[in-house]
Amino acid sequence: MFVLVEMIDTVRIPPWNFPRQLNEAIAEELNKKLANKVVYNVGLCICLYDVTKLEDSYIFPGDGASHTKVHFRYVVFHPFLDEILLGKIKYCSQEGVHVTMGFFDDILIPPESLQQPAKFDEAEQVWLWEYETDEGAHDLYMDQGEEIRFRVTDEVFVDTSPTGPAAAVTETPAQPGQPPAPPAEASAEKKDPPYTLIGTICDPGLGLLSWWNS
Amino acid sequence: MLSNYEVFKLLTDLKEQRKDSGKNKHSAGQQNLNTIMYETLKYLSKTPSSRQTPEIVKEFLTAMMPHKLTKAEKLQLLNHRPQTAVEIQLMVEESEERLSEEQIEELIQMVATVLPGDPEQENAAPAEAQIEQS
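The name given to chain B in an unreviewed UniProt entry is DNA-directed RNA polymerase III subunit RPC9, with the source organism recorded as Gasterosteus aculeatus aculeatus. Taken from UniProt, the Sequence similarities (unreviewed entry) comment for chain B reads in full: "Belongs to the eukaryotic RPC9 RNA polymerase subunit family."

Going by what an unreviewed UniProt entry lists, chain A is known as DNA-directed RNA polymerase subunit and is assigned to Gasterosteus aculeatus aculeatus. UniProt, in the comment section headed Subcellular location (unreviewed entry), describes chain A in these words: "Nucleus". Among the UniProt annotations of chain A, the heading Sequence similarities (unreviewed entry) holds the following wording: "Belongs to the eukaryotic RPB7/RPC8 RNA polymerase subunit family."

## A few points about the interface of chain A and chain B
Reports of interface size often rely on the accessible area that becomes lost once the parts have come together. On the chain B side, the residues contacting the 34 residues of chain A number 27 residues. Taken together, both faces of the contact between chain A and chain B bury some 2700 Å²; the carbon and sulfur share is 65%. For the chain A face of the interface with chain B, the top three residues by lost area are F2, F80 and I84 of chain A, together amounting to 20%. Our count for the contact surface shared by chain A and chain B stands at 1 salt bridge. When the shortest N-O distance is used, the salt bridge between R149 of chain A and E87 of chain B registers 3.8 Å. Counting every contact that joins chain A to chain B gives 6 residue pairs in polar contact (both at pLDDT 80 or more). Taken together, the elements giving at least two residues each to the side of chain A that touches chain B come down to β1 (2-13), α1 (22-34), β3 (43-59), β5 (84-93) and β11 (147-157) of chain A. Considering each element in turn, the side of chain A that touches chain B owes the most residues, 6 residues, to β3 of chain A. The residue inventory of the side of chain A that touches chain B, partitioned by class, reads 20 nonpolar, 4 polar and 10 charged.

Scoring rules and cut-offs
- Residues numbered from 1 in each chain as written.
- Chains lettered and ligands numbered in written order.
- Predicted model: local features only at pLDDT ≥ 70, side-chain atom pairs only at ≥ 80, totals over all residues.
- Heavy atoms only, no water.
- UniProt positions renumbered as here; feature names shortened; annotations may be inferred.
- Contact = heavy atoms within 4.5 Å.
- Buried area = accessible area lost by both parts, 1.4 Å probe.
- Salt bridge = Lys/Arg side-chain N within 4 Å of Asp/Glu carboxyl O.
- Polar contact = N/O pair within 3.5 Å; in protein donor to acceptor, adjacent residues only side chain to side chain.
- Helix = DSSP H or I, 4+ residues; strand = E, 2+ residues; numbered from the N terminus.
- Nonpolar A, V, L, I, M, F, W, Y, C, P; charged D, E, K, R; others polar.

Encoded structure:
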């Protein structure tokens, strides 16, 4: 579930932090920059593991702060393909079942990866598994807050760096007098999460824990 | 790759350190670290990994050596502590071809004895066993 990623970065220590121990100041700056943030194509950063190398600190003209190049290792949440994870159902929608793990929310199980046959109950907004036995069909509901075991099948990284103003201007060439509200609205609607996991529960043993614990 | 236990230990040690230093936990910059630490600790404390120690992990890995499992499979067994054959089949690829039924039973037994389990579950089980015997 978690991996150690080696990274190199230049850390800026402002002058009011000079009395502190260099290691502590650097650890605090790194955590401030990376904790709970997603790095593109790496994963969700949790916390600093250790510092492997500290190079010399330099002070540049015009800036009173010191700049230090740091080699460090960071604990990152990045499950490997086909890993089995445990989570809770956040809610169900037409797109599938949304699962959360507390510290990571954007996990989706699309309808084709649910135990087949599955149906979406519009009234209660919940997916259910139509389980057939000799006695008849049982409808197993996937309720909110239920613990669910799933396998990771895919991960999607989206680069959410801000785009320049050029993109916004070309979208509205015919309305020079209009305020930039429409482009702002369009980009606000398409806010993709930077890191999404796609899962499946289509194998024996996967799905709600209550289905398999007799 | 890190096991859940290693991350759990790292976060609990970090929490102790921050509790001792105490001054600037609530500044705007530290809020992200606080949030992620709290949520991750909450998630991990409900898994079997929170009850492990380095000795238990070493014992588990030496016990797993004769079964020739890949690193990813051993990591998953360590993190999840499977109790049924179905769970083992999920975590070990092609388990039907590589492990016989006896070996799967053996794996379940070893996991249950070496890795500490949920104390609530274990208190319920002996009580049921006693009822069955009497």
